[in-house]
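# Chain and residue survey
Take a look at the letters that make up each chain.
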Amino acid sequence: MSNNGIPKILRDFLSYHETIKGHSQETVDEYLLDMRTFFRFLKLDRGLVGDGTDFEDIDISDIDLEFVRTVTATEVYDFLSYLSRDRVKSKRSRCSEYGLSPATRARKLATIKSFYKYLTAKAKLITENPVKDLDAPKVPRSLPKYLTLDESKRLLESINTRNKARDYCIICIFLNCGLRISEIVGLNRSDVRGDNLRIHGKGGKERVVYLNDATSAALNDYLAVRDDIEADGEPALFLSNRRARMSREAVHAMVKKSLAAAGLDSEKYSAHKLRHTAATLMLQNGVDVRTLQEVLGHEHLNTTQIYTHVDSSELRTAALANPLAGFSPNKPTTEDGGHDDHDA
């Protein structure tokens, strides 16, 4: 959508997140889509749309300060209800499925809350925040799926693609360093610095990830191929067959193909699951959760702590440490003829 279709009040909000908060373009685009959906719903709900107008064609360019000032908490709850019942899950789906997940609804509410926090606390354009005390949808917390150590080795051993050195290096970085797919495709040749990589993370934050011997060897093997390619000044580390930066879609497809070649369920696992695998394997082998937070580039520790629930060894140890661990009501009497405490 061009700037002409975005109301000024929304443009200013998006600009604040991009220039002041330093959020990525991807994040800002998500904010735009969330607020556009919200404003379209409000216009439809308030009867400000002509009969027969398709939801996706509702114009929001006339949204102004007076409009957003009059939004009520009830309208926001109605919007969340609309998302849970009537909103199409995916435009790309062959069959229309309605009702967005609690996680998606919670994210959209977070965007609306951020918008009104900006208007009240930052821009100080309004005094009342209608969404300040709204509760977010409860999001079920599920444990991340990950490959076992043996499955990870099998995946690495099975890579035999046309671009074997490149693809092996990418998957090796996923499994050993736990990078996001956006971070891998965003790597430049200049980000390789001896035994470490300079990572451009979410929100424009940079961090350094150190390479173990296996990853260094894989990277050096790939660089021997990569540096022989005439890439016409292309700075990207990982190049496509067209000698341009690999896209996220290309990496996703390569990972899926490699998983299938290894006999692993490519529907169950994905590139992001390889990041989960790296985090889980590190935690299982002695890396503390705060160090893992730095490695993964998580802003908040509680994001990292979900991996502490994956490794069941400490939970098993805790269960065995309970003094009742060896107790059984069917134990025979003691040698001196006495009985167990439960008979007393």
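Preceding this paragraph is the structure being described.
The following refers to the structure shown.

Now for the packing of helix 11 (residues 271-284) against helix 12 (residues 289-296). At a minimum axis separation of 10 Å, helix 11 and helix 12 run at an interaxial angle of 155 degrees. Here helix 12 runs roughly antiparallel to helix 11, going by the angle between their axes. As helix 11 packs across helix 12, the resulting crossing turns out to be right-handed. Here helix 11 contributes Arg275, Ala279, Met282 and Leu283 to the contact with helix 12, which in turn contributes Val289, Leu292, Val295 and Leu296. For the contact of helix 11 with helix 12, the class distribution of residues is 7 nonpolar, no polar and 1 charged.

Between helix 7 (residues 164-177) and helix 10 (residues 248-261), the shortest axis-to-axis distance is 11 Å and the interhelical angle comes to 90 degrees. By the criterion of interaxial angle, the relationship of helix 7 to helix 10 is roughly perpendicular. For the pair helix 7 and helix 10, the contacting residues are Asp167, Ile170, Ile171 and Phe174 in the first and Val251, Met254, Val255 and Ser258 in the second. For the contact of helix 7 with helix 10, the class distribution of residues is 6 nonpolar, 1 polar and 1 charged.

Formed by 41 residues in total, the largest nonpolar core has its most connected members in Leu155, Phe174 and Phe238. Mapped onto this core, the elements with two or more residues apiece are helix 6 (149-158), helix 7, helix 8 (181-185), strand 2 (196-200), helix 9 (213-226), helix 10 and helix 11. In terms of residue count, helix 7 provides more of this core than any other element does, 8 residues in total. Counting residues in each nonpolar core, the second largest holds 37 residues, with Phe13, Ile63, Leu83 and Tyr116 among its members.

Another point: the packing of aromatic side chains. Applying the stated rule across the entire model yields 14 aromatic pairs. Seen in terms of ring centroids, Phe39 and Phe115 are 5.9 Å apart; in terms of plane orientation they differ by 80 degrees. Their pairing is edge-to-face. Here Phe39, found in helix 2 (residues 25-45), pairs with Phe115, found in helix 5 (residues 102-122); they are 76 residues apart in sequence, far enough to count as distant. When sorted by exposure, Phe39 lands in the same class as Phe115, which is buried. Each ring, one from Phe41 and one from Phe79, has its centre 5.5 Å from the other, and the planes form 55 degrees; the classification is tilted. A residue pair is termed long-range when its members are at least 10 positions apart, and Phe41 in helix 2 and Phe79 in helix 4 (residues 73-85) qualify at 38 residues. The residues Phe41 and Phe79 share a single accessibility class, namely buried. One Lys or Arg, Arg46, reaches over the ring of Phe67 and ends 4.4 Å from the middle of that ring.

What follows covers the sheet that holds strand 2. Whenever strands of a sheet pair, they do so through backbone hydrogen bonds, lying parallel or antiparallel. Across the sheet, which stays open at both edges, the 3 strands sit in the order 1-2-3 with antiparallel pairing between neighbours. Pairing within the sheet leaves two strands with one partner each, and these edge strands are strand 1 (192-193) and strand 3 (206-210). Pairing of strand 1 with strand 2, which is carried by 2 bridges, proceeds in the antiparallel orientation. Within strand 2, the position partnered with Val192 by the bridge is Leu197.

Relative to the helices and strands, Lys108 is located in helix 5. Every residue in contact with Lys108, bar those within four places of it in the chain, is listed here: Asp34, Leu83 and Leu100.

Turning our attention to the pattern of salt bridges. The full count for this structure, using the stated rule, is 15 salt bridges. Linking Glu75 and Arg46 is a salt bridge whose minimum nitrogen-to-oxygen distance equals 2.9 Å. In this pair, Glu75 sits in helix 4 while Arg46 sits in the loop between helix 2 and helix 3 (65-69), placing the two residues 29 residues apart along the sequence. Here Glu183 makes a salt bridge to Arg180, at a shortest N to O gap of 2.5 Å. Note on Glu183: relative accessible area 2%, which makes it buried. A relative accessible area of 12% means that Arg180 is categorised as buried. Taken together, the salt bridges that share partners define one network made up of Glu30, Asp34, Arg107 and Lys108.

Remember that side chains alternate between the two faces of the sheet whenever the strand is regular. Counting the residues between successive antiparallel strands, the hairpin from strand 1 to strand 2 contains 2 residues, one of them, Gly194, with a positive phi of roughly 65 degrees. Pairing of strand 2 with strand 3, which is carried by 5 bridges, proceeds in the antiparallel orientation. Bridge pairing in strand 3 links Leu197 to Val209.

Cut-offs and rules
Residues numbered from 1 in each chain as written. Predicted model: local features only at pLDDT ≥ 70, side-chain atom pairs only at ≥ 80, totals over all residues. Heavy atoms only, no water. Axes fitted to C-alpha atoms, helices over the stretch in contact; angles between N-to-C directions. Helix = DSSP H or I, 4+ residues; strand = E, 2+ residues; numbered from the N terminus. Parallel < 35°, antiparallel > 145°, perpendicular 65-115°, else oblique. Left-handed = near helix turned anticlockwise from the far one by under 90°. Contact = heavy atoms within 4.5 Å. Nonpolar A, V, L, I, M, F, W, Y, C, P; charged D, E, K, R; others polar. Core = buried A, V, L, I, M, F, W, Y, C linked by side-chain atoms within 4.5 Å. Buried < 20%, exposed > 50% of the residue type's maximum accessible area, 1.4 Å probe, protein only. Phe/Tyr/Trp six-rings, centres within 6.5 Å; stacked < 30°, edge-to-face > 60°. Lys NZ or Arg CZ within 6 Å of the ring centre and 35° of its normal. Pairing = 2+ DSSP bridges. Salt bridge = Lys/Arg side-chain N within 4 Å of Asp/Glu carboxyl O.

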